[in-house]
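# Remarks on the overall topology
Here's the letter readout for the chains.
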Amino acid sequence: MDRPFAETFAQLLKAQFPLLHLETYEEQRALHRIGAVAGHPDLVRIPRAVWSWTLTGGLVPPGGEARPGTQRATDALRAVQRLEEPAVFVFQDLHPHFQDAEVVRLLRDIAEAFRTGRHPRTLVLMSPTAQLPTELAKDVTMVDFPLPGPDERRSLLDAMIRSNTANGRLRVGLDASGLERFAAAAAGLTVREAEDAFARAMVNSPVLDLAGLDVVHEVKRQIVRKSGLLDFVSADVVLDDVGGLEKLKSWLVKRNGSWLADAADYGLPAPRGVLITGVPGCGKSLTAKAMAAAWNVPLLRFDIGKVFSGLVGSSEHNMRTTLRVAEAMAPCVLWIDEIEKGFAGASGGDSGTSTRVFGTFLTWMQEKRLPVFVAATANDSQVLPAEVLRKGRFDETFFVDLPSRTERIAVWRVHLRRAMRHPRAAGSLQLAIGDDMLTELAGLTDGYTGAEIEQAVVSALFDAYSERRALRRDDLVRAVMSIVPLSVTQAERISALRDWARVRAVSASGDENWGLTER
């Protein structure tokens with residue numbers, strides 16, 4: 001039994017709270033939990049029978065048949081009002097009937113009757129949405145019903161493995177850590193969704209291994225798609241595709257799997273997130289994508305602008321929905337690109353909506369318990385509110401500067417090797433990507449961003465393509481010379497970013513002498 005829910009629900013029953021609300025899709029699982037608490041004398045002192053109501057089935061006593069004439073909501077509520085015995089009445093999907101004034105009035109009457117009655121009685125409203133009329137706001141107490149926890153997910157996975165290995169249809173290629181990772185991948189799913197995801201992974205291949213995580217992620221991708229507020233991004237890059245930034249990459253590698261149980265044995269909390277700020281075009285967004293691939297977890301892109309779109313007054317609801325969906329995907333990476341633009345109005349000017357939404361997000365970052373790793377990038381770190389930067393929101397703030405000579409060699413190597421994988425670009429005699437040429441190109445691109453180096457390779461490829469020949473060294477040199485780098489056009493801005501970051505952030509490269517010498 002889920003102990004936090006059991007304890008909370010038992011307290012509310014003993015205190016004779018008349019109306020409760022559970023927001024959940026898992027009706028049968030919730031009914032089972034409610035029954036386990038309500039019928040347990042050690043938890044509630046006076047055991048209570050659990051009745052249930054649905055529009056299609058009517059009011060049903062425990063282990064009995066539906067009471068005649070109780071399919072209509074008003075008739076069922078009147079029947080409940082007349083019952084004088086210890087009981088819990090669970091009404092499923094009553095919220096569409098809140099438009100009926102008689103239903104609302106009956107619920108208020110029931111609340112008063114249950115408070116003052118001789119027998120302990122409670123009515124539980126259960127639905128997938130927390131829609132309550134204003135008239136009931138003071139009478140109804142909201143109760144969190146958690147999704148399956150680690151033990152429940154692992155028990156489900158183990159039972160399904162036993163069933164499928166016993167008949168010879170499945171072989172398990174996972175050790176204890178791999179099984180834990182597989183069960184953790186289903187965090188945020190209902191029991192039925194987790195069961196479907198595990199079943200698909202098991203029928204997808206005769207061997208259950210970490211490749212099956214893609215199937216679990218696909219189930220979660222459907223959840224994201226239905227929300228319309230987050231984008232599921234295919235993390236098709238790895239950390240080796242990020243040239244340089246060795247200190248940042250090392251920091252990320254050390255935190256791989258830190259949301260698993262063996263990390264808890266070290267007393268480690270799941271990492272909260274990282275803020276990556278610095279010069280535009282130097283690999284901040286690429287790193288966010290690569291970390292999700294390195295950790296083998298879903299990558300969600302959070303476009304804050306979508307939160308503020310829609311009807312007036314819906315922004316706060318959109319933010320709460322977004323965060324719930326992100327938690328349903330845990331463990332995952334929640335990528336917020338250019339966070340400073342998303343919360344530009346947080347200082348006011350729109351009747352306080354931006355401030356409230358911003359506050360909801362910051363509070364969630366501070367208090368979240370599920371492993372949703374927030375990877376935020378910012379180009380203009382100087383305009384970020386102080387609340388974002390204080391410790392407890394992000395685990396670390398990294399500054400990404402213009403690449404050093406060593407990093408430029410690494411960036412050139414990544415992009416040239418990628419280009420040389422294509423036979424027409426490589427030709428019969430592949431471009432010799434040796435140390436001498438890489439060192440020469442790194443020297444020619446002092447002050448260039450990684451994005452500018454990538455664009456130089458693309459431009460050189462266009463020159464080669466126009467003449468239908470292989471790529472040459474001269475194409476690359478000519479492309480480099482045609483680019484005016486950001487370090488020239490935005491020199492003052494980059495200098496200001498470095499001044500800000502020198503005392504507020506950690507160098508992503510491990511070089512603390514930003515811009516003081518030829519890097």
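Anything mentioned here points back to the structure above.
Summary of the structure given here.

Basis of the calculations
- Residues numbered from 1 in each chain as written.
- Predicted model: local features only at pLDDT ≥ 70, side-chain atom pairs only at ≥ 80, totals over all residues.
- Heavy atoms only, no water.
- Core = buried A, V, L, I, M, F, W, Y, C linked by side-chain atoms within 4.5 Å.
- Buried < 20%, exposed > 50% of the residue type's maximum accessible area, 1.4 Å probe, protein only.
- Contact = heavy atoms within 4.5 Å.
- Helix = DSSP H or I, 4+ residues; strand = E, 2+ residues; numbered from the N terminus.
- Pairing = 2+ DSSP bridges.
- Salt bridge = Lys/Arg side-chain N within 4 Å of Asp/Glu carboxyl O.
- Axes fitted to C-alpha atoms, helices over the stretch in contact; angles between N-to-C directions.
- Left-handed = near helix turned anticlockwise from the far one by under 90°.
- Parallel < 35°, antiparallel > 145°, perpendicular 65-115°, else oblique.
- Nonpolar A, V, L, I, M, F, W, Y, C, P; charged D, E, K, R; others polar.
- Phe/Tyr/Trp six-rings, centres within 6.5 Å; stacked < 30°, edge-to-face > 60°.

## Focus: the nonpolar core
The biggest cluster of nonpolar side chains holds 53 residues, and the ones touching the most others in it are Phe182, Phe198, Phe302, Leu334, Ile339 and Phe361. Setting aside anything within four residues of it in sequence, one finds isoleucine 339 in contact with Leu275, Ile304, Phe361, Ala376, Thr377, Ala378 and Leu384. Ranked by size, the runner-up nonpolar core spans 32 residues in total, among them Val274, Phe373, Leu402 and Ala508.

## Remarks on the pairing of strand 13 (residues 372-378)
As a general feature of sheets, a regular strand has side chains that alternate between the two faces. Of all seven residues in strand 13, seven are buried; the element is thus mostly enclosed. Alternating residues of strand 13 divide into Val372, Val374, Ala376 and Ala378 and Phe373, Ala375 and Thr377, and every residue in both groups is buried. In terms of strand pairing, strand 10 (residues 273-278) meets strand 13 through five bridges, oriented parallel. Pairing of isoleucine 276 across the sheet is with threonine 377, part of strand 13. By the bridge criterion, five bridges tie strand 12 (residues 332-336) to strand 13 in an arrangement that is parallel. Bridging from a neighbouring strand, leucine 334 pairs with valine 374 of strand 13.

## Concerning the pattern of salt bridges
Applying the stated criterion across every chain yields a total of 22 salt bridges. For aspartate 435, the salt bridge identified is with arginine 413, shortest N-O distance 3.9 Å. Of the two residues, aspartate 435 sits in helix 20 (residues 435-444) while arginine 413 sits in helix 18 (residues 405-420), which places them 22 residues apart along the sequence. Residue glutamate 440 pairs with arginine 473 through a salt bridge whose shortest N-O separation is 2.4 Å. Taken together, the residues glutamate 440 in helix 20 and arginine 473 in helix 22 (residues 473-481) connect sequence positions 33 residues apart. Assessed through its relative accessible area of 29%, glutamate 440 is described here as partly exposed. Take arginine 473: its relative accessible area is 35%, and that puts it in the partly exposed class. Connected through shared salt-bridge partners, Asp463, Glu467, Arg469, Asp475 and Arg478 make up one network.

## So, the packing of helix 6 (residues 150-166) against helix 8 (residues 191-204)
Packed helices, taken two at a time, are described by the angle between their axes plus the distance between the axes. Between helix 6 and helix 8, whose axes approach to 10 Å, the crossing angle comes to 35 degrees. The handedness of the crossing between helix 6 and helix 8 comes out as right-handed. Across the interface between the two elements, Glu152, Arg153, Leu156, Leu157, Met160, Ile161 and Asn164 from helix 6 touch Val191, Ala194, Glu195, Phe198, Ala199 and Met202 from helix 8.

## Observations regarding the sheet that holds strand 11 (residues 299-302)
Pairing within the open sheet is mixed, and its seven strands lie in the order 9-11-12-13-10-14-15. The sheet terminates laterally at strand 9 (230-233) and strand 15 (506-507), the two strands that pair on one side only. Looking at chain direction, strand 10 and strand 14 (residues 396-400) are connected through five bridges and run parallel. Residue pairing in the sheet places isoleucine 276 in a bridge with phenylalanine 398 of strand 14.

## Focus on unusual backbone geometry
Although it is not a glycine, aspartate 93 adopts a positive phi angle of roughly 55 degrees. Assessed through its relative accessible area of 32%, aspartate 93 is described here as partly exposed. Phi is positive for leucine 245, which is not a glycine, with a value near 55 degrees. Tracing the chain through its elements places leucine 245 in the loop between strand 9 and helix 10 (246-254).

## Remarks on the side chain of glutamine 92
With respect to the element layout, glutamine 92 can be found in strand 4 (residues 87-92). In this structure glutamine 92 comes out as buried when scored by relative accessible area, which is 5%. What glutamine 92 contacts, discounting residues up to four positions off in sequence, is Glu27, Leu31, Ser52, Trp53, Thr54 and Met126.

## Structural notes on the packing of helix 1 (residues 3-14) against helix 2 (residues 27-38)
Axis separation between helix 1 and helix 2 bottoms out at 10 Å; the angle between their running directions is 60 degrees. Taken together, the axes of helix 1 and helix 2 lie oblique to each other. With respect to the hand of their crossing, helix 1 and helix 2 are arranged in right-handed fashion. Across the interface between the two elements, Phe5, Ala6, Phe9, Ala10 and Leu13 of helix 1 pack against Arg33, Ile34, Val37 and Ala38 of helix 2. Of the residues in the contact of helix 1 with helix 2, the class split is eight nonpolar, no polar and one charged.

## Thoughts on the environment of leucine 252
With respect to the helices and strands, the residue leucine 252 is situated in helix 10. Separated by 35 residues in the primary sequence, leucine 252 and threonine 287 place their C-alpha atoms 9.6 Å from one another. Every residue in contact with leucine 252, bar those within four places of it in the chain, is listed here: Leu239, Thr287, Met291, Trp295 and Phe373.

## Examining the packing of aromatic side chains
The relation between two aromatic rings is expressed through the spacing of the ring centres and the mutual angle of the planes. Tallied over the entire structure, the rule returns twelve aromatic pairs. Consider the rings of tryptophan 251 and phenylalanine 398, whose centres lie 5.5 Å apart with planes at 70 degrees: the pair is edge-to-face. Taken as a pair, tryptophan 251 in helix 10 and phenylalanine 398 in strand 14 lie far apart in primary sequence, 147 residues in all. Using a relative accessible area of 12% as the deciding quantity, one classes tryptophan 251 as buried. Taken together, a centroid distance of 6.4 Å and an interplanar angle of 55 degrees make the contact between phenylalanine 302 and phenylalanine 361 tilted.

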